[in-house]
Amino acid sequence: MKFTAHNILLGDGTKTMGDGHILFSESELWKSIVKTLDLFFPGTKEERKKVKVVDLGSLEGGYAVELAKLGFDTLGIEAREENIAKCNHVKDSLNLSNLKFVKDDARNIANYGNFDIVLCYGLLYHLNDPINFIKTMSSCNSKLMLLHTHFAPERDIRYGLGFLNTYFIAPIQKRTKILEFTKNWRLSAITRNEGYRGRWLKEYNKNASKKKIEKLLWSSYNNDQSFWLCKKDLTTALHEAGYDSVFEQFNYTGDIIPHNNNYHYKRGMFVALKH
Ligand SMILES: C[S@@+](CC[C@H](N)C(=O)[O-])C[C@H]1O[C@@H](n2cnc3c(N)ncnc32)[C@H](O)[C@@H]1O
């Protein structure tokens, strides 16, 4: 089993990615989540047993495992066969009775009950219907959503150039980094989807085989294009979906995630709260 992102300490003392990588549990990315959980759910491990958490798009299970270790009643939902096998391998090795994984499209979250905490990391920007998904998540989330996602820049002349950017400017910038003040994601021109502003990103070919899609371990699953919301549209949608306050958190950078994540890569950590 080749792990690609989550370096997890297993029950036998080995690590899923070996010694050359920082453990996920020791990363600033994870520690930033713990800080927020301690703020809004400051109970003991015993008290946290009653708190239900869902981790959407679990990949290799790193987040779900750490949430379960804190005591939370944790469910991970992951669409890909290979990823779910890794999640279950980790779960078996750690013997965590309060941790479960299901193989499903995260859009079906409502079939699994209600959650005090929804963790949606690295998934929203892989969907073609992010607004609908925000509403679905909110419909089964009573208190807190932790969201890590890309957003689309409101202004970037490169994305108005169509093919010229996709096939000429972006490949040159990828190789040389010339004038690449912010990463060239080859997004579309600004447009509206589900009534909100953002930009489209091609994930894979429309007619890619199921087998090929299964192998794209970090990508979208049931949609060949994804829609990146503009930041203001994202926070507006969260408010409209029932979150009273939306905060942005910044203390997740420095090791796995570089310090220029927010500006260069157009990505952020959002904390949405129902009071
Ligand atoms: C970029 S990875 C992020 C993984 C992890 N949450 C993290 O932040 O490290 C996206 C993950 O979401 C999964 N995924 C993509 N679309 C999905 C969907 N519709 N339902 C469930 N999982 C999905 C992928 O298989 C992959 O594991």
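Rules used throughout
- Residues numbered from 1 in each chain as written.
- Predicted model: local features only at pLDDT ≥ 70, side-chain atom pairs only at ≥ 80, totals over all residues.
- Heavy atoms only, no water.
- Helix = DSSP H or I, 4+ residues; strand = E, 2+ residues; numbered from the N terminus.
- Buried < 20%, exposed > 50% of the residue type's maximum accessible area, 1.4 Å probe, protein only.
- Near = heavy atom within 4 Å.
- Polar contact = N/O pair within 3.5 Å; in protein donor to acceptor, adjacent residues only side chain to side chain.
- Areas by Shrake-Rupley, 256 points an atom, 1.4 Å probe, with all protein chains shown as cover.
- Nonpolar A, V, L, I, M, F, W, Y, C, P; charged D, E, K, R; others polar.
- Core = buried A, V, L, I, M, F, W, Y, C linked by side-chain atoms within 4.5 Å.
- Contact = heavy atoms within 4.5 Å.
- Pairing = 2+ DSSP bridges.
- Axes fitted to C-alpha atoms, helices over the stretch in contact; angles between N-to-C directions.
- Lys, Arg positive; Asp, Glu negative; His and termini not counted.
- Salt bridge = Lys/Arg side-chain N within 4 Å of Asp/Glu carboxyl O.
- Parallel < 35°, antiparallel > 145°, perpendicular 65-115°, else oblique.
- Left-handed = near helix turned anticlockwise from the far one by under 90°.
- Phe/Tyr/Trp six-rings, centres within 6.5 Å; stacked < 30°, edge-to-face > 60°.
- Lys NZ or Arg CZ within 6 Å of the ring centre and 35° of its normal.
- Expected span 1.5 Å × (residues − 1).

## Observations regarding unusual backbone geometry
Phi is mostly negative for residues that are not glycine, and the peptide bonds are mostly trans. The backbone of Leu-179 sits at a positive phi, close to 55°, despite the residue not being glycine. The residue Leu-179 is located in the loop between α6 (163-176) and β6 (191-193) in this model. A relative accessible area of 62% means that Leu-179 is categorised as exposed.

## Brief notes about the site of the ligand
Around the ligand, 21 residues are found, and the nearest of them are Gly-57, Glu-78, Arg-80, Ala-106 and Tyr-121. One of the side-chain nitrogen or oxygen atoms of His-6 is found 2.9 Å away from an oxygen atom of the ligand. With respect to the ligand, the backbone of Tyr-121 contributes an N or O atom lying 2.7 Å from a nitrogen atom. Coverage of the ligand by the protein chains reaches 94% of its 590 Å² of free accessible surface. Broken down by class, the residue content of the shell around the ligand amounts to ten nonpolar, six polar and five charged.

## Here's the deal with the nonpolar core
Formed by 32 residues in total, the largest nonpolar core has its most connected members in Leu-56, Phe-133, Ile-134, Met-137 and Leu-238. At the level of secondary structure, the elements contributing two or more residues to this core comprise β1 (52-56), β2 (73-78), β4 (115-121), α5 (130-139), β5 (141-150), β8 (225-229), α8 (231-240) and β10 (267-273). The leading source of residues in this core is α5, at four residues. Those residues in contact with Phe-133 that sit more than four places away from it in its chain are Leu-56, Ala-106, Arg-107, Cys-120, Leu-123, Leu-124 and Leu-127. The next biggest cluster of nonpolar side chains, apart from the first, holds 22 residues, and it includes Val-53, Tyr-121, Leu-146 and Met-269.

## A closer look at the sheet that holds β6
Taken in spatial order, the three strands make up an open sheet running β6-β7-β8, and their pairing is antiparallel. Unpaired on one side and paired on the other, β6 and β8 mark the two borders of the sheet. On average, each strand axis in the sheet is tilted by 60° relative to the strand beside it, whichever way the strands run. By the bridge criterion, three bridges tie β6 to strand β7 (residues 196-202) in an arrangement that is antiparallel. In the sheet register, Thr-191 faces β7, and the bridge partner there is Gly-198.

## Overview of the side chain of Arg-267
As for its placement among the helices and strands, Arg-267 is situated in strand β10. There is no salt bridge for the buried Arg-267, and the closest opposite charge comes from Glu-248, which lies 10 Å off by N-O distance. In terms of polar contacts, Arg-267 uses its side chain to reach the side chain of Tyr-125, at 3.0 Å. In contact with Arg-267, not counting residues within four places along its chain, are Gly-122, Tyr-125, His-148, Thr-149, His-150, Phe-151, Tyr-252, Asn-261 and Asn-262.

## A word on the packing of helix α1 (residues 28-40) against helix α3 (residues 62-69)
Where α1 contacts α3, the axes come no closer than 12 Å and their chain directions differ by 40°. Taken as axis vectors, α1 and α3 run oblique relative to one another. The two elements α1 and α3 cross, and the hand of that crossing is right-handed. Residues Leu-29, Trp-30, Ile-33 and Leu-37 of α1 pack against Tyr-63, Glu-66 and Leu-67 of α3.

## Examining the packing of aromatic side chains
For the structure shown, the criterion picks out nine aromatic pairs. A centroid spacing of 5.9 Å and a plane angle of 45° characterise the contact between Phe-24 and Trp-30, whose relative ring orientation is tilted. The class for Phe-24 is buried, based on a relative accessible area of 2%. Above the face of the Trp-185 ring, Lys-183 is positioned so that its terminal group lies 5.0 Å from the ring centre. Sitting over the ring of Tyr-263, Lys-266 keeps its end group 4.4 Å from the ring centre.

## With respect to α6
Taking 1.5 Å per residue, 14 residues should reach 20 Å; α6 reaches 19 Å between its end C-alpha atoms and fits that length. Inspection of α6 places Asn-165, Ala-170, Pro-171 and Gln-173 among the buried residues, and these make up the whole buried set.

Worth remembering: the numbers are spatial, not functional.
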